[in-house]
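As a plain string of letters, each chain reads:
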Amino acid sequence: MELKTPSVHPSPPAFASYQGIEVIGQSILAIVNGMELAQARALRILAENGITPLEAKTWYPMSALLKSFSLVFDKIGPSTVRTIGRKIPDSAHFPPDIDTLEKGLRGVNLAYGMNHRGKGNIGGYHFEPVDKRNARMRCDNPYPCDLNYGLLEAITDKFRPKDSLWVRIEHDPRSCRRRGDGACTYNISW
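Residues numbered from 1 in each chain as written. Predicted model: local features only at pLDDT ≥ 70, side-chain atom pairs only at ≥ 80, totals over all residues. Heavy atoms only, no water.

To continue, consider the nonpolar core. Counting 51 residues, the largest nonpolar core has Met62, Leu65 and Tyr143 as the members making the most contacts within it. It is helix H3 (residues 62–75) that contributes the most residues to this core, 7 residues altogether. When near neighbours in sequence (up to four residues on either side) are disregarded, Tyr143 contacts Val23, Met62, Leu65, Leu66, Phe69, Tyr112, His116, Tyr125, Asn148 and Arg177. (Core = buried A, V, L, I, M, F, W, Y, C linked by side-chain atoms within 4.5 Å. Buried < 20%, exposed > 50% of the residue type's maximum accessible area, 1.4 Å probe, protein only. Helix = DSSP H or I, 4+ residues; strand = E, 2+ residues; numbered from the N terminus. Contact = heavy atoms within 4.5 Å.)

On the basis of which strands lie adjacent, the open sheet formed by 3 strands has the order S2-S1-S3 and antiparallel pairing. At either end of the open sheet lies a strand with only one pairing partner, and these are strand S2 (59–61) and strand S3 (116–117). As paired elements, strand S1 (residues 22–24) and S2 share 3 bridges and run antiparallel to each other. Residue pairing across strands places Val23 opposite Tyr60, the latter belonging to S2. Contacts between helix H1 (residues 25–34) and the sheet are confined to S1 and S2, with S1 contributing the most and set at about 75° to the helix. (Pairing = 2+ DSSP bridges. Axes fitted to C-alpha atoms, helices over the stretch in contact; angles between N-to-C directions.)

The next thing to look at is the state of the cysteines. Between two cysteines, a covalent bond joining their sulfur atoms is known as a disulfide. Counted according to the given criterion, the structure contains 0 disulfides. This cysteine, Cys139, is not joined by any disulfide, and Cys184 carries the nearest cysteine sulfur, 6.9 Å off. Looking at the unpaired Cys176, the closest cysteine sulfur is the one in Cys184, lying at 4.0 Å. What makes Cys176 buried here is its relative accessible area of 0%. (Disulfide = S-S within 2.5 Å.)

By themselves these figures say nothing about function.
Below, the structure written as structure tokens:
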């Protein structure tokens, strides 16, 4: 699958607006797992932003994680950010009763809430069924769209219906956080 998004450098999120929001270390491990061949570099980037030592049960400032993603995007590239997104389900806490694609897509927002804490609006993952074989996911969280795309790829790969040969994810070009829009929307069909 190719991510079709505008080729504009992502505008940095307003890191200060996420003060008081924290992310559990367990889900931050996705960065390390997503950079399999460069784990020392991943740990160095996290440490540069105050996430050290990285421990699964420790809570870290979301602003530090967002700065880390910005560095990974700038220094290594969007495909690595996408790979990190694909590793999130392996690292982060997810609801246990997911056994269908729809439940998996709906569960992303629940998992997002399980892995973040604090006061303030941090957006989310908003699932909207269109018909029996199509849905939309609107992501208005502060994470890079490449990360969200990779996460959706992982969920759709894991829960692809048995009667579907494939699941297609297309980034809706009308809305993209890389351009400074408030959300990215993904059309999903199977």
